[in-house]
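Chain and residue survey
Here's the letter readout for the chains.
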Amino acid sequence: MRLWGRGGAAVRRKVLCLWLLLLSFALVTLALSDLFNNWDHHRNQSQPGPPRRPLQRIPSAPDLEVIVDSRDPALELGIDLAPLNTLQEDQLLFVPSAQDTKSPPPPQQKKKNNYKVLLPGANKIIAPPTHGEMGRAVRLHLEGMERDVEFSALEKYGFNEVVSERISLHRSLPEARNPECLVEQYSESLPSASVVICFHDEAWSTLLRTVHSVLDTVPKQYLQEVLLVDDLSQHGHLKSVLSEYVSHLEGVRLIRSTRRLGVGGCRSLGAARAAGEVMVFMDSHCECQKGWLEPLLERIAQDRTRVVSPIMDVIDWQTFQYNATQWPVRGVFDWRLDFHWESNPQLQDKDPNSAVQPVQSPALGGGVVAIDRHFFQSVGAYDPGMLLWGVEQIELSIRVWSCGGSMEVVPCSRVAHLDHHHLPYSFPDQEMLQRNKIRIADTWMDAYRKIFYRRDTLAHFIRQSESPNITERLRLKRSLGCRNFHWYLTTVYPQLYIPQDRPALSGELYNVGTGSCADYHRGQGRVHGGAMNVVPCSGTGSQHCDLNSEFEVRWGPSGALCLDAKGERVILSPCPAHRTTASRLQWKFIKLSGQLVHQQSQLCVEVVKEGAFPQSSPREETGGLFLRTCTHHPKQQWHFEQLVAPKGA
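Each chain has its residues counted from 1, running along the sequence as written. Only residues with pLDDT of at least 70 get local features here, since the model is predicted, and only at 80 or more are side-chain atom pairs given and counted; chain-wide, interface and lining totals rely on the full set of residues. To get the side-chain values, take all heavy atoms of the structure and skip hydrogens and water.

The subject of this paragraph is the overall build of the protein chain. A tally of helices and strands in the protein chain yields 16 helices and 26 strands. In the protein chain, which comprises 649 residues, the share counted as buried stands at 51%. Contacts: residue pairs with any heavy atoms within 4.5 Å of one another. The long-range share in the protein chain, meaning contacts at least 24 apart out of those at least 6 apart in sequence, stands at 76%. Under the convention used here, a 1.4 Å probe and the Shrake-Rupley method define accessible areas, while residue burial counts only the protein chains that appear. For the protein chain, the accessible surface area stands at approximately 31,200 Å², while carbon and sulfur atoms represent 54% of it. Labels follow the DSSP assignment, with helices taken as runs of H or I lasting at least four residues and strands as runs of E lasting at least two, numbered in each case from the N terminus. Any residue under 20% of the maximum accessible area for its type is buried, any over 50% is exposed, and the rest in between are partly exposed; the area is computed with a 1.4 Å probe on protein chains only.

As structure tokens, this is what we get:
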């Protein structure tokens, strides 16, 4: 018995040593990994600051607790913790234990400025591992934990925050400007600029990289200040930790809103507090090219009613790779009031020397916008009736053009914007976005608003039940002497097709034989179109068609795609810019039989289901809309369904 007891004690000591070795190996591996990943950051960072990735929530219950001093580099491990979003300004950042609270805490837990770091899953291995098993267990554990962190960050922010944390706050983007931009000369007396960066629960790394990118690329004589405006953020790292960090940055100020304002309201608050002659509104996840500000200030100095934007390059949400946008581009919107950047290569074809010439733009995106401070206030700032975010940049664009200003993209200025990945459940309240669009339609679009309501039935039904309070905006419109929307369409944006929407010749194209509506796979591209098919009718207006007096069947919210034929297959292709329509793009609708006839071939459009082809047919023909000899088959019978009939139609 005595010998057996001694052997048992020895076994227990060996098991304990193995456990301690496992724990030590895991902590050292994590610390060394973070040390190498952040070496560039520590080498370039000149100011002392708080942890690169403040503590957040972890989904699973903790199994092991380790006390770490708040100044310890191990805090940069990037492990999610229990909630910090309820902490108020200047509160001690302390995460309470999830273990049994009846036992007294160890003495070191009472030390001030300590965080409790919770490592999940460390005591779930039942049998003592061998040396090889131990290394494999640690590796799998770390890989699994990293995948959990990446998914949590994607769900929270819409991009891979784990990758962002590994990138220096001072990284330089590769040169993408035209060589002619590098020899451009600018005035020595450019106006001063306040860069206003609004944020709400932004990730730590992307917010600080935006700030440092501005500080690193703008000459001090032009930069009045960087003004951070906190739109009631709840994340703990954006409270006292951020205040402490900003206090060490020269030329950076931080103000906080006591209520949620949204993009427009937050930017208007920043403009009211800013001291610069020019306001540069910038999203909180941008990176700037060297020399980006001077071209913008030059254009505004020449005409104080100009509103200008850089070329907006793209940062990939997953890899954070920089992707340069091909010039020339401009900002546009469709009849559903959805904004997008449009490539315009024909401008370059007409004038090869236009590589550095600014291009007037019907609209500008909200990523980076520069505007004279006094003009911004006189033209009505941002509409205070806009809710949170969404289409405020379209409202500002129409108002600036209509009320005496202009908008343009400046090619010698480049700023990269982080392209977010929106999960299916991460979109904002759709009705909130529709209410913002309704304000634009009722304030600025005059009789043309009926085109919008036909293509956005949700907005139509909301408008039927409630009216927006736009009295003040209409008063502003009259006092500024703003032009009407017809002037905007014919002078500023003549490329936007104006639908005719004739009764019984517009709406959803409904097929009698299948009970479905004509549609196409949007993944094939907004501009180039693709093969047509039938899918269940959406009822939202997104499948709107318009058979016009030129015998074109125009598709979609912008009307830029036309029904076309490629062999026997019915496709969509870009509509001609000129008024002469090719015969292959001309169609005739016979109301009595419901047949849609291709004028050139005199064949009818028929729905062909997948699997209906003989074995000899090409593999790519797997169903869709095809041209067939005209018969009275129900799959050749169509009719246009107008979903709504707005007043004034």
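Here, the term nonpolar core denotes a set of buried Ala, Val, Leu, Ile, Met, Phe, Trp, Tyr and Cys residues that are joined through side-chain atoms within 4.5 Å. Counting 59 residues, the largest nonpolar core has Phe 281, Val 307, Trp 335, Ile 398, Phe 485 and Tyr 488 as its most contacted members. The residues touching Tyr 488, leaving out its near neighbours within four places in the chain, are Phe 333, Pro 362, Ile 398, Trp 401, Ser 402 and Tyr 493. Listed in part, the 39 residues of the second largest apolar core include Trp 204, Leu 207, Tyr 222 and Leu 249.

Now for the pattern of salt bridges. Salt bridges are defined by distance alone: a side-chain nitrogen of Lys or Arg within 4 Å of a carboxyl oxygen of Asp or Glu. Applying the stated criterion across every chain, the model contains 27 salt bridges. For Arg 414, the salt bridge goes to Asp 313, with nearest N and O atoms at 2.6 Å. Residue Arg 414 is found in strand 14 (residues 406-418), and its partner Asp 313 is found in strand 8 (residues 306-315); the two are separated by 101 residues along the sequence. Accessibility expressed as a relative area gives 5% for Arg 414, which makes it buried. For Glu 466, the salt bridge identified is with Arg 435, shortest N-O distance 2.8 Å. Note that Glu 466 is positioned in the loop between helix 14 (457-465) and helix 15 (471-479) and Arg 435 in helix 12 (residues 430-444), a separation of 31 residues in sequence. Using a relative accessible area of 25% as the deciding quantity, one classes Arg 435 as partly exposed. Each of the salt bridges in this network shares a partner with another, and the network as a whole consists of Glu 277, Arg 304 and Asp 372.

When two cysteine sulfur atoms lie within 2.5 Å, the pair is treated as a disulfide. Tallying each qualifying case throughout the model produces five disulfides. In this model Cys 517 forms its disulfide with Cys 537; the gap between the sulfur atoms is 2.0 Å. The S-S bond linking Cys 517 to Cys 537 shows a torsion near 90°; that makes this disulfide right-handed. Taken as a pair, Cys 517 in strand 16 (residues 516-520) and Cys 537 in the loop between strand 17 (532-535) and strand 18 (544-547) lie far apart in primary sequence, 20 residues in all. For Cys 537, a relative accessible area of 31% corresponds to the partly exposed category. Two residues share a disulfide in this structure: Cys 604 and Cys 630, whose sulfurs sit 2.0 Å from each other. Here Cys 604 and Cys 630 share a disulfide; its torsion about the S-S bond, 95°, makes the bridge right-handed. A residue pair is termed long-range when its members are at least 10 positions apart, and Cys 604 in strand 24 (residues 603-608) and Cys 630 in the loop between strand 25 (624-628) and strand 26 (638-641) qualify at 26 residues. A relative accessible area of 0% places Cys 604 in the buried class.

This part covers the packing of aromatic side chains. Classification of ring pairs rests on two measures: the distance between centres of Phe, Tyr or Trp rings, Trp counted by its six-membered ring, which must be within 6.5 Å, and the angle between planes, read as stacked under 30 degrees, edge-to-face over 60 and tilted in between. This model, assessed by the stated rule, comprises 13 aromatic pairs. Between Phe 333 and Tyr 493, the ring centres sit 5.7 Å apart and the planes meet at 70°, which makes this aromatic pair edge-to-face. Highlighted residues: Phe 333 in strand 10 (residues 329-333) and Tyr 493 in the loop between helix 16 (485-492) and strand 15 (506-511), separated in sequence by 160 residues. Each member of the pair Phe 333 and Tyr 493 is classed as buried. Their ring planes at 15° and their centres at 5.5 Å tell us that Phe 485 and Tyr 488 sit as a pair that is stacked.

What follows covers the side chain of Ser 257. Tracing the sequence through the fold places Ser 257 in the loop between strand 5 (252-256) and helix 7 (262-273). On the accessibility criterion, Ser 257 (10% relative accessible area) is buried. Pairs of N or O atoms are called polar contacts if they sit within 3.5 Å, as long as, within protein, a hydrogen donor faces a hydrogen acceptor (for residues adjacent in sequence, only side-chain-to-side-chain pairs). Looking at Ser 257, its side chain comes within polar contact range of the main-chain oxygen of Arg 259, at 2.5 Å.

Residues Met 532 and Val 534 point to one face of strand 17 and are all buried, whereas Asn 533 and Val 535, pointing to the other face, are not buried. Strands are labelled as partners when DSSP assigns at least two bridges between them. Examined bridge by bridge, strand 16 and strand 17 share four bridges and lie antiparallel to one another. The residue bridging Asp 519 from the neighbouring strand is Asn 533, located in strand 17.

In the predicted model, the protein chain carries a mean pLDDT of 79, and the fraction of residues at 70 or more is 72%. Note on scores: pLDDT gives the predictor's confidence for each residue, bounded by 0 and 100. Considering only residues more than four positions removed or in separate chains, one finds that residues 39-131, a stretch of pLDDT under 50, has 167 contacts. In this model residues 133-148 is a low-confidence stretch, pLDDT under 50, and it forms 15 contacts with partners more than four residues away in sequence or in other chains.

Side chains that are three or four residues apart share a direction in an α-helix, a result of its 3.6 residues per turn. Taken together, the buried positions of helix 15 are Arg 473, Leu 476 and Lys 477. Buried residues along helix 15 cover an arc of 100° about the axis, so they all sit on one side. For helix 15, the exposed residues set more than 90 degrees away from the buried face come down to Glu 472, Arg 478 and Ser 479. Looking at the buried side of helix 15, the elements it contacts are helix 11 (392-402) and helix 12. At the exit of helix 15 stands Gly 481, carrying a positive phi of roughly 65°. Starting at the helix axis, one direction is taken to each C-beta atom, and the arc is that of these directions.

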